[in-house]
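# Fold and contact review
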Amino acid sequence: MRSTMPFLVLSDIGSTTTKAILLDTRGTIPKLIGLSHAATTVEYPLSDVRYGIIEALKNLEQQTGNKLLRDGVLAPELAFAEDVSYLTTSSAGGGLQILVIGLTLFDSASSAKRAAYGAGGVILDTFAVDDKRQAMEQMLAMRNLHPDMILLCGGTDGGAVSGVLRLAEIVRIAAPEPKFDAAGKIPAIYAGNRDAASLIEKLIRQDFDLHILPNLRPDMEMENLEPTQDKIQQLFMENVMEHAPGYTNLLPLVASQIIPTPVGVQNALSLAAGKEKLNIFAFDIGGATTDVFSYINTHIQRTVSANLGMSYSALNVLKECGAENLMRWLPNDIDESDLRNYIANKTINPTSNPRTSNEYRIEHALAREALAMALVQHRQMHYNTGKLGYMDKLKNAEYDKYEMIFEYMREERKYVFSHSGVDVLMGAGGIFAHAQNHAQCALILIDSFRPKGITEIWIDRRFISPHLGVLSEVDPTAASHLMARDCIEKLALHIAPVFSPKQKKAVMRISISETGKCTKLEVKADEFHYFHAGEKSIQIELLNQASIGKTEKRTGFSTFLPLIIDTRLDPSKRRNEAETKLKAYETDGIEAMESPLSLIKPLLKDEEWIRRVKLPYKGEINVSVGDKVSPDDVVAVNRFNPPRLYILDAILQYRLESFDIRRSVIKQVGDSLDFDEVYAIIPDDVKLSLHMRHSRKLHCPVRGKIEFLDESTGIMVLSEIQDYSGKPMNIDLAEKLMLEPRRAARYAVKNIGDFVYRNDVLAKRVERSSSSTMPAFVRAPITGTITKLDRATGQMTIQYLHKPLEFQAHVSGTVLSAKPGEELSISYSGKRLEGKIGFGKVCHGSLKLIRTSEELCVADIRDKILALSFSPDSRHLADIAKAGGRGVICSMIQASQLVRFLSFEPGVINTGFESIPLSIMLLEGFGDQPMPQTWIDIFSGFQSCFLDPHTRIRAGVVRPFICFY
């Protein structure tokens, strides 16, 4: 369906940048007449995507001279001129962010991830019974994430239900909050065992906007992804999109449905493959994520590496690949300190851009490593990888035994392709659109993917593939034409034969005939050759068992593209040679690194503030509405770890009718059950099978409180009863095992330091002893930690050592609200100053300005928050922590020094929960610049403060702050 308007605006609202193009649709084929960029404005302080769109449209108006916006409309209101229609894609706010919860990582969770990726989702985290995290760790992780949607699945139809119910109860207790609308319910999809659907609905319906769908994995051999993918996209449009700032007002303006940016890229990739049905691998690398698309044999696969990106996720790329892997792509004049400072500053200032050749080099090193890691994740998600052995090579001579072979399933059929079967390698994203030259783009793609065979290297030169993808849904012909003419730019033809890495002889003879000359090469391993663009005829002869995909040993073809012949064994070791031959970096990279920071003018906000204290799980609230609180007051506490959850479903084996189940269960919600206590009695008038008749009474195998009971099935959810005592208890293993004291400890199955729950087995003897022929088991009489095991006396000591998790007020104010067991809010006054990034826990104390490092040796800093006018190193921070300081505020610190103090790489910036001995806040960023005098003047004027280091860079930006009072 062609647009009836003379002009069509297409935009992509990205996580950092809103990109808009203008098409003139008055001809037979629409013409691209303008392209502009503006910062995406989904975050504070504008918090409305329309500001960014309007800015991009104004730029288009200036470029083209066409009137696009209606007169008299003021931002953020958006209205188009009468002759303009509008389409858009979006990944603003980090895209469609999904929390995946599956029964097992390998089966149901894997299917759920494929469904989420196929619908354009970004997976924040994947939880499963076998993900090696305790329930408490899972709850805390869920609490700290802010998903747009939850996808819950697990079990095949007709299988057990207890596992998926346990996961549902964990996410219910964790109660994660949505990214934008904290008051709304998160959309949740259940696509698991259909027998558990009604139970899931009763369990979490009140807490989430729940949608029940057919099982993603109805049996072990079958996947059913489409219904879930369709529902994800529908919910994204109807629920998630409307909660993102400004989207509600945008929806009436579009001529067709807004689609996620990755779906737009998928559509464009289908166009790019064309009638030739090319096999394409494409990378779309953004600020927060890297998308990998494979279009193989007309089947498209996609993965999103949610925390591999060029700005928001830059520090996580460093964490995942390691500084040494980035340094191998860089010249010697860039040291690790420069590298770390630049990447850290890029993360906290995600809209900053490189300005020097060395800064481009660092970004390109980041891109290489991010793409390589994303490619590994893509292959692991969608393909089985192997190598053909010698016998396979003899039977299938077109493949080499050293080549990587991939297998994948589609509609219960197995497909196979080889690494050399990829025809096109394509890059999209700002790193390619804004590179200094095409040679840089080609090397990023080649070095990260390591293509084999004959491969064309493309880029989306204007980064408009998402725009053309959404256009393809209304006008595929126009989209195909624009894709070929204005989007795809072919950079090079890459030839890389497959051969043994131990090969010493030549692997290929190549003849390159150009106008007036012919070049002949005998190519060996670990070489790199480059020929400029121009019409050329190429003849290839493969030698010494080398191969080049499915082509014959001799092959010939023509091309106009630049030609790269590449047999490098390790591209990083031949980096300088490749960059020199391609003239990738015109300078020698000797410029000094510039700080991307523009010093912030201090802005003190004197207002009434709200401090919210939310317990990670059910606990105690110690205050009431209207109470006055002081900073040191403990206003809430979690005395114990989260209670364990138990699912009692033994009644299902009786296969009773609902009426008989209701008659059988003798307990109700709120009742407590002890070990071996009867909770159900099957009436005598209910007929049972012969082998079940002796067991009409159901005994509880655990001790807990009934939190949920489904009367139609009899399934119960129990929570652990936490009546722990802090007193130590001695257990005489020798007496209970009926053994000599010196022998008893040998039979212990638990060790010192182990945490045990009441009724866990501590020791067991199965063989006969001198006193008894019967086996003996010793169970824990209390819950706690084994603190002692005396091997001489056979005595074991257990004590509950958990230290209560206390929450202080940290401010002086009035309690505004209090929800028993869950959360409270405090109103307080003060002058707040915002920083860039922080680490550690919330703290408060008297404030002390330290002007020189020498002052630290003599100053009284115990229980104080220090404002340092100099850039500290890790030794300074360690000394402050040792002396009892609570917090440090400084303008800058070297990123390497911070990592040394933290003892970990920061990675994804969602901080403020770290267990470190000192809370830290940076006002400006990373480097060694001292604190400006304007900041010093502020800190010298206050006596006490409250420091909240919590920082989140994406999915709703949160900055750390200090509040003076």
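Now for a description of the structure that goes with this document.

Cut-offs and rules
Residues numbered from 1 in each chain as written. Predicted model: local features only at pLDDT ≥ 70, side-chain atom pairs only at ≥ 80, totals over all residues. Heavy atoms only, no water. Pairing = 2+ DSSP bridges. Helix = DSSP H or I, 4+ residues; strand = E, 2+ residues; numbered from the N terminus. Buried < 20%, exposed > 50% of the residue type's maximum accessible area, 1.4 Å probe, protein only. Arc of directions from axis to C-beta. Contact = heavy atoms within 4.5 Å. Salt bridge = Lys/Arg side-chain N within 4 Å of Asp/Glu carboxyl O. Core = buried A, V, L, I, M, F, W, Y, C linked by side-chain atoms within 4.5 Å.

### With respect to the sheet that holds strand β40 (residues 784-790)
Overall, antiparallel pairing links the four strands, which are arranged β36-β41-β40-β37 in an open sheet. Each edge of the open sheet carries a strand with a single partner, namely β36 (729-732) and β37 (755-756). Two elements, β40 and strand β41 (residues 795-799), share five bridges in a ladder whose sense is antiparallel. Note that in β41 the partner of K788 across the bridge is T797.

### A few points about unusual backbone geometry
A75 connects to P76 through a cis peptide bond whose omega is 10°. On the secondary structure map, P76 appears in the loop between α1 (49-64) and β4 (84-90). The residue N297 is not glycine, and still its phi comes out positive at about 55°. Even without a glycine there, the phi angle at M738 is positive, about 60°. Mapped onto the elements, M738 comes out in the loop between α20 (733-737) and α21 (741-744).

### Description of helix α17 (residues 476-487)
Within α17, burial applies to A478, A479, L482, M483, D486 and C487. Seen end-on, α17 carries its buried residues on one side only, within an arc spanning 140°. Across α17 from its buried face, at more than 90 degrees, point the exposed residues T477 and A484.

### Focus: the environment of G286
Mapped onto the fold, G286 is located in the loop between β11 (280-285) and β12 (290-296). The class of G286 is partly exposed, set by a relative accessible area of 24%. In sequence terms G286 and M310 are 24 residues apart; their C-alpha atoms lie 6.1 Å from each other. With residues near it in sequence (within four places) discarded, G286 still touches G309 and M310.

### Brief notes about the pattern of salt bridges
One pass over the structure, following the stated rule, counts 44 salt bridges. For E77, the salt bridge identified is with R50, shortest N-O distance 3.7 Å. Note that E77 is positioned in the loop between α1 and β4 and R50 in helix α1, a separation of 27 residues in sequence. Here R50 falls in the buried class, since its relative accessible area comes to 5%. Linking E579 and R575 is a salt bridge whose minimum nitrogen-to-oxygen distance equals 2.9 Å. Remark: R575 and E579 occur in helix α18 (residues 575-582); sequence separation between them is four residues, near one turn of the helix. Judged on exposure class, the residue E579 and its partner R575 are both buried.

### Focus: the sheet that holds strand β29 (residues 634-638)
Within the open sheet, the three strands sit side by side as β27-β29-β42. Their pairing is antiparallel. If you trace the sheet from one side to the other, it starts and ends with β27 (620-621) and β42 (805-808), each paired once. With four bridges connecting them, β29 and β42 associate as antiparallel partners. Of the residues in β42, the one forming a bridge with V634 is Q808.

### Details of the nonpolar core
Ranked by size, the top nonpolar core spans 84 residues in total, and within it F281, I343, F432, L868 and F926 carry the most contacts. Counting residues per element, this core draws most heavily on helix α12 (residues 357-382), which supplies nine residues. With 33 residues, the next largest nonpolar core counts L99, M142, A168 and V717 among its residues.

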